[in-house]
Amino acid sequence: MSSVSIEAAKAKPTSARSKPSRLAPNYWPFVVPALIVIAAVIVFPWVFTLWMSVNSWTLGQAQVFSGWDNYLRLAVDMRFWESLWHTVLYTALAVIGPLFLGTLAALIFDAHFPLRGLLRGIFVMPMMATPVAIALVWTMMFHPQLGVLNYLLSLIGIGPQEWIYNQKSVIPSLVLVETWQWTPLIMLIVLGGLAALPREPYESAEIDGANAWQKFRYLTLPMIAPFLMIGVIIRSIDAVKSFDIIYAMTQGGPGTASETINIYLYNTAFSYYDIGYGSAMAVVFFVVIVALSFVLMMVRARANWSDTEAR
């Protein structure tokens, strides 16, 4: 090999190294705006709430650092514990009712019959209405003298009920409204699960002589369990933070019979102007929600989500 070719071979790597390399893409200009929005909308309000929860501050008065006093006050506040019980009761009933009725409606609408599509559309209409409008309509329906519900009950010989105007019946009455509005959501979730079920197990069950209940109990219910769990999680999250319907219909009354944590927190901070105590209540409520979410996620993890396991 000549000396010229040797020099040319040596020069190639040098020329390749001298070629400018392409710069790595920089994603920070796209990330920073999102981080700023998250910090402004989520992080700062929570940090400020934590700070206010360790201060004694009534609107119009000086702010004084009080340490754990607001949290110790919560521990002996019977009204707070009562509102916590109301929240748990309201959430449990508002999940069980739509879950049962929504599953039943899904089984009915999964069958083929005339005008099925039209009836499905009518059935899902309540979940599209605004909560305040629903609250106003149902408040008129619940009226002891002028309400249509007591009129309908009188047609079958049942006396007038006090509905949301009685301490014993106010939470079941509010749950009735919640159930009416959100049963269609559970129906849609379960319908999606029913549409995805395989036909082979049902054909084998029919050959073995299984009746309708046995097919539902041993085939349909286990296979739609993951979809039911999705419905439970969605309804639990929505019911535990319910505010608009309760406040528009009862404001937590009569007395404090329907006062959930959300209502009590709102009244404390914006009716009594006790910002520090309301902030402590918000922090505790956040911890309760995190604990509930953790329990729901554990239950979800134990559910049978794998198609292989389902078979």
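Procedures and definitions
Residues numbered from 1 in each chain as written. Predicted model: local features only at pLDDT ≥ 70, side-chain atom pairs only at ≥ 80, totals over all residues. Heavy atoms only, no water. UniProt positions renumbered as here; feature names shortened; annotations may be inferred. Helix = DSSP H or I, 4+ residues; strand = E, 2+ residues; numbered from the N terminus. Polar contact = N/O pair within 3.5 Å; in protein donor to acceptor, adjacent residues only side chain to side chain. Contact = heavy atoms within 4.5 Å. Core = buried A, V, L, I, M, F, W, Y, C linked by side-chain atoms within 4.5 Å. Buried < 20%, exposed > 50% of the residue type's maximum accessible area, 1.4 Å probe, protein only. Salt bridge = Lys/Arg side-chain N within 4 Å of Asp/Glu carboxyl O. Axes fitted to C-alpha atoms, helices over the stretch in contact; angles between N-to-C directions. Parallel < 35°, antiparallel > 145°, perpendicular 65-115°, else oblique. Nonpolar A, V, L, I, M, F, W, Y, C, P; charged D, E, K, R; others polar. Arc of directions from axis to C-beta.

According to UniProt, the positions carrying the feature "transmembrane region" (unreviewed entry) are residues 27–48, 88–109, 121–141, 179–197, 218–237 and 275–299. Along residues 275–299 one finds 100% helix and 0% strand; the C-alpha atoms at either end are 36 Å apart.

Relative to the helices and strands, His86 is located in helix α4 (residues 78–110). A polar contact of 3.4 Å, which involves the side chain of His86, links it to the backbone oxygen of Thr256. Polar side-chain contacts of His86 include one of 3.1 Å to the backbone oxygen of Glu259. Ignoring anything within four residues of it in the chain, the contact list for His86 reads Ile171, Thr256, Ala257, Ser258, Glu259 and Thr260.

Okay, the environment of Leu197 next. Mapped onto the elements, Leu197 comes out in the loop between α8 (170–195) and α9 (200–207). It is 7.3 Å that separates the C-alpha atoms of Leu197 and Met223, two residues lying 26 residues apart in sequence. In this view, Leu197 contacts Tyr202, Thr220, Met223 and Ile224; residues no more than four positions away in its chain are not counted.

All right, on to the nonpolar core then. If you look at the biggest cluster of nonpolar residues, it comprises 19 residues, and the most contacted ones within it are Trp138, Phe142, Leu174, Val177 and Met249. Of all the elements in the fold, those that place two or more residues in this core are α6 (131–141), α7 (148–155), α8 and α11 (244–249). If one sorts the elements of this core by residue count, α8 sits on top with 5 residues. In terms of nonpolar packing, the next biggest core, distinct from the first, is built from 16 residues, Ala105, Ile186, Leu197 and Met223 among them.

Moving on: the pattern of salt bridges. Counted under the stated rule, the structure contains 6 salt bridges. Here Arg79 and Glu259 are joined by a salt bridge, their closest N and O atoms 2.7 Å apart. Taken together, the residues span a long stretch of sequence, with Arg79 in helix α4 and Glu259 in the loop between α11 and α12 (261–271) at a distance of 180 residues. Its salt-bridge partner being Arg235, residue Glu178 comes within 3.0 Å of it at the nearest N-O pair. Of this pair, Glu178 sits in helix α8 while Arg235 sits in helix α10 (residues 212–240); the two residues are 57 residues apart in sequence, bridging distant segments of the chain. Residues Glu178 and Arg235 agree in their burial class; the two are buried. Through salt bridges with shared partners, a single network forms among Glu178, Arg235, Asp238 and Lys241.

To continue, consider the side chain of Gln181. Structurally, Gln181 is set in helix α8. Relative accessible area serves as the criterion here: at 2%, Gln181 is assigned to the buried category. With near-sequence residues (within four places) excluded, Gln181 lies in contact with Pro126, Met127, Ala129, Ile134 and Ile245.

Orientation of α9 relative to α10, taken along the N-to-C sense of each, is 170°, at an axis distance of 11 Å. With respect to each other, α9 and α10 are oriented roughly antiparallel. Together, Pro201, Tyr202, Ala205 and Glu206 of α9 and Lys215, Leu219, Thr220 and Met223 of α10 make up the contact between the two elements. Its residues assigned to classes, the contact of α9 with α10 comprises 5 nonpolar, 1 polar and 2 charged.

This next bit is on α7. Those residues of α7 that sit buried are Leu149, Asn150 and Leu153. Projected down its long axis, α7 shows its buried positions confined to an angular sector of 95°, all on one face. Exposed and facing more than 90 degrees away from the buried side of α7 are Tyr151 and Leu155. Its buried side turned inward, α7 meets α6. With its phi angle positive at about 85°, Gly157 sits one or two positions after the end of α7.

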